[in-house]
Amino acid sequence: PAGKYFMDGISEMALNRFPARIVTRSNGGSAVRSAAYIFGEKFRDERTGKLFDFTRKESRVEFSGVFVPKNAPEWMKDTAQLCNAIERREDESTRPDQAQLFREFIPTFPHELSAEQRRWMITDFARELSRQGMVVLAANHEPDDHSDERNYHAHILATMREVTPDGFGNKVREWNAKGQLV
């Protein structure tokens, strides 16, 4: 059934939330900032010169990974290089100030799952998106000190453009279909 996930040794459990949105420059979004946040790392935005430092969050990052399509250039596995390339590519668009940078999903996990099971879930999901042609940045986060102790969740960033052997091509509008999200 929709909204359920099945895995060996786990009974049927519903995901509590699965919000989805588009990270855009018009809403203050940045590919570099988003990646630094979800990975708990420090990255410099080459476009603006801003340094985004989320290393103090690193202890909350339970798992992280970059998932690329088979035809992706090797440099796309480097998160800082990838995100700066996204920003540069969007500067070439017809409306760079309104550029759509990523699709973002923030699913919560059933608290009964182990760290390994959460990693399996997010890895399976990210690999499926990368098989469709998207580059996916994914990180599982533990609850922070000021939230519900069961608030295990993930941050998933999926690119908007097709991947070519040379980098990013055109946007793939079919990925925006409601059926794709469902």
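Small disclaimer: the values here were computed from a predicted structure and weren't measured.

Checked against the element boundaries, Ser93 lands in the loop between helix H2 (79-91) and strand E7 (100-105). What makes Ser93 buried here is its relative accessible area of 18%. Here Glu90 takes part through its backbone oxygen, which lies 2.7 Å from a polar atom of the side chain of Ser93.

Attention now goes to H2. With 13 residues, H2 should cover 18 Å at 1.5 Å per step; its first-to-last C-alpha distance of 19 Å lies within 8% of that length. All of the buried residues in H2 are Thr79, Leu82, Cys83, Asn84, Ala85, Ile86, Glu87, Arg89 and Glu90.

For the rest of this paragraph, the subject is the sheet that holds strand E9 (residues 153-159). The antiparallel open sheet is built from five strands, whose spatial order is E3-E7-E9-E8-E6. Of all strands in the sheet, those bounded by a partner on one side alone are strand E3 (20-24) and strand E6 (61-67). Mean inter-strand twist for the sheet, computed between neighbouring axes without regard to direction, equals 20°. Relative to E7, E3 is paired through five bridges, and the arrangement is antiparallel. Note that in E7 the partner of Ala20 across the bridge is Phe105. Across the sheet, H2 lies against E6, E7, strand E8 (136-141) and E9, angled at about 130° from E7, the strand it touches most. In this fold helix H3 (residues 115-131) packs onto E6, E7, E8 and E9, with an angle of close to 20° to the strand it touches most, E6.

We now examine the pattern of salt bridges. On inspection of all chains with the given rule, the structure shows 13 salt bridges. A salt bridge links Arg47 to Asp91, with the shortest nitrogen-to-oxygen separation between them at 3.0 Å. One end of the pair, Arg47, is in the loop between strand E4 (42-44) and strand E5 (51-53); the other, Asp91, is in helix H2, with 44 residues separating them in the sequence. Given a relative accessible area of 40%, Arg47 falls into the partly exposed group. Taking the shortest distance from any N to any O, the salt bridge between Arg131 and Glu128 comes out at 3.2 Å. Residue Arg131 and its partner Glu128 are located together in helix H3, separated by three residues, close to a single helical turn. Relative accessible area serves as the criterion here: at 61%, Arg131 is assigned to the exposed category.

So, how was this worked out
Residues numbered from 1 in each chain as written. Predicted model: local features only at pLDDT ≥ 70, side-chain atom pairs only at ≥ 80, totals over all residues. Heavy atoms only, no water. Helix = DSSP H or I, 4+ residues; strand = E, 2+ residues; numbered from the N terminus. Buried < 20%, exposed > 50% of the residue type's maximum accessible area, 1.4 Å probe, protein only. Polar contact = N/O pair within 3.5 Å; in protein donor to acceptor, adjacent residues only side chain to side chain. Expected span 1.5 Å × (residues − 1). Pairing = 2+ DSSP bridges. Axes fitted to C-alpha atoms, helices over the stretch in contact; angles between N-to-C directions. Contact = heavy atoms within 4.5 Å. Salt bridge = Lys/Arg side-chain N within 4 Å of Asp/Glu carboxyl O.

Purely spatial values, then, with no claim about function.
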